[in-house]
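# What the coordinates show
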Amino acid sequence: MDEETNTSTRLRCALLDDYQNAGTGAADWSTLKDRVEVVPFREHLATEDELADALRDFDVVVTLRERVPFPASLLGRLPRLRLLIASGMRNSVIDYEAARANGVTVCGTESSSTPPVELTWALLLGLARGLVTEAGALRDGGPWQSTVGADLHGRRLGLLGLGKIGSRVARVGLAFGMEVTAWSRNLTAERAHEVGARLAATKEELLATSDFVSVHLALSDRTRGLLGAPELALLKPTAYLVNTSRAAIVDQDALLAALHEGRIAGVGVDVFDTEPLPPGHPMRTAPRLLATPHLGYVSRANYERYYGQAVEAIAAYLRGRPVRLLG
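Here's what I pulled together on the structure shown here. These numbers come from a predicted model, not from an experiment.

## Quick notes on helix 11 (residues 300–318)
With 19 residues, helix 11 should cover 27 Å at 1.5 Å per step; its first-to-last C-alpha distance of 27 Å lies within 8% of that length. Among the residues trailing helix 11, Gly 320 stands out with phi positive, at a value near 85°.

Put into structure tokens, the structure is as follows:
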């Protein structure tokens, strides 16, 4: 589409999962106001039927990360959709072949690895020092000190994955005076050494010898269910586990069993098999669990990047020169 062929009819653009009503304020949409109507959706659309009904009259959809799948069956039910913009430059839940077949252009945006690094350490420190328990007791008139914090200095941090996020987590661990080990299937000793870490000989060695374990792997057929009941059983009873990567890497049922049976000191998670987490879900009330609602990438700077580049992508599409194409 180019500006000469654009009619006076405004395109309709849906912002999915805009829980905080932040999408329209995180970027300057005024440059598109004469050509695009922006409609935020603050509630998650959980089923394909809900999505098809809500989005059938939209030309553009902006979706955050991999919250909403766009399979062929859904794309075929969205006759007006012409531009799909996903935050980040990798998305495993969009059927790119079906998008092309339905005439849908798919674009991405840049994404910073800084926010998930920072949240990883927020969860790890919150677990280690019992912050939620102690802050809650202070506010509610509970006991004055009821926990004994776990030390970081001199302890071992084990990282499953040493990519962009894992390597930055490693550097923070070193700054705390921790010994850092890492493992993934293709990780080399040389790469680990570059960030001050030691390569663990096996996944099992890393799990059995670490005081804190943090997951930073991409989800794939090789990593799905990587930590099941046998692997979790290797962790020390004094160890802590943090997962800000993908829920399916850690078997959720096995994790809940380990927490309820007291076989692990604590777990911090930001990702779940089902999102948003349904009311009454056992992950909401499990003991020794510090959980956040997938906040890893949710920061002001990242939102400004996502939505600002969404505006750019729409403008570029209208000029007939789409940018940051995916698939």
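## Focus: the nonpolar core
With 29 residues, the main nonpolar core has Leu 160, Leu 227, Leu 241, Leu 255, Val 267 and Met 283 as its most contacted residues. At the level of secondary structure, the elements contributing two or more residues to this core comprise helix 8 (203–209), strand 9 (212–215), helix 10 (252–260) and strand 11 (266–269). Here the element with the most residues in this core is helix 10; it accounts for 5 residues. Setting aside its immediate chain neighbours within four residues, Leu 241 contacts Leu 127, Val 213, Val 215, Leu 227, Leu 232, Leu 255, Ile 264, Gly 266, Val 267 and Gly 268.

## Points about the sheet that holds strand 10 (residues 240–243)
Ordered by their spatial adjacency, 7 strands build an open sheet running 8-7-6-9-10-11-12, and the pairing between neighbours is parallel. Bordering the open sheet on either side are strand 8 (198–199) and strand 12 (289–291), each of which pairs with just one other strand. Across 2 bridges, strand 7 (residues 179–183) lies against strand 8 in parallel orientation. When the sheet's bridge partners are listed, Thr 181 is paired in strand 8 with Arg 198.

Thresholds applied
Residues numbered from 1 in each chain as written. Predicted model: local features only at pLDDT ≥ 70, side-chain atom pairs only at ≥ 80, totals over all residues. Heavy atoms only, no water. Helix = DSSP H or I, 4+ residues; strand = E, 2+ residues; numbered from the N terminus. Expected span 1.5 Å × (residues − 1). Core = buried A, V, L, I, M, F, W, Y, C linked by side-chain atoms within 4.5 Å. Buried < 20%, exposed > 50% of the residue type's maximum accessible area, 1.4 Å probe, protein only. Contact = heavy atoms within 4.5 Å. Pairing = 2+ DSSP bridges.

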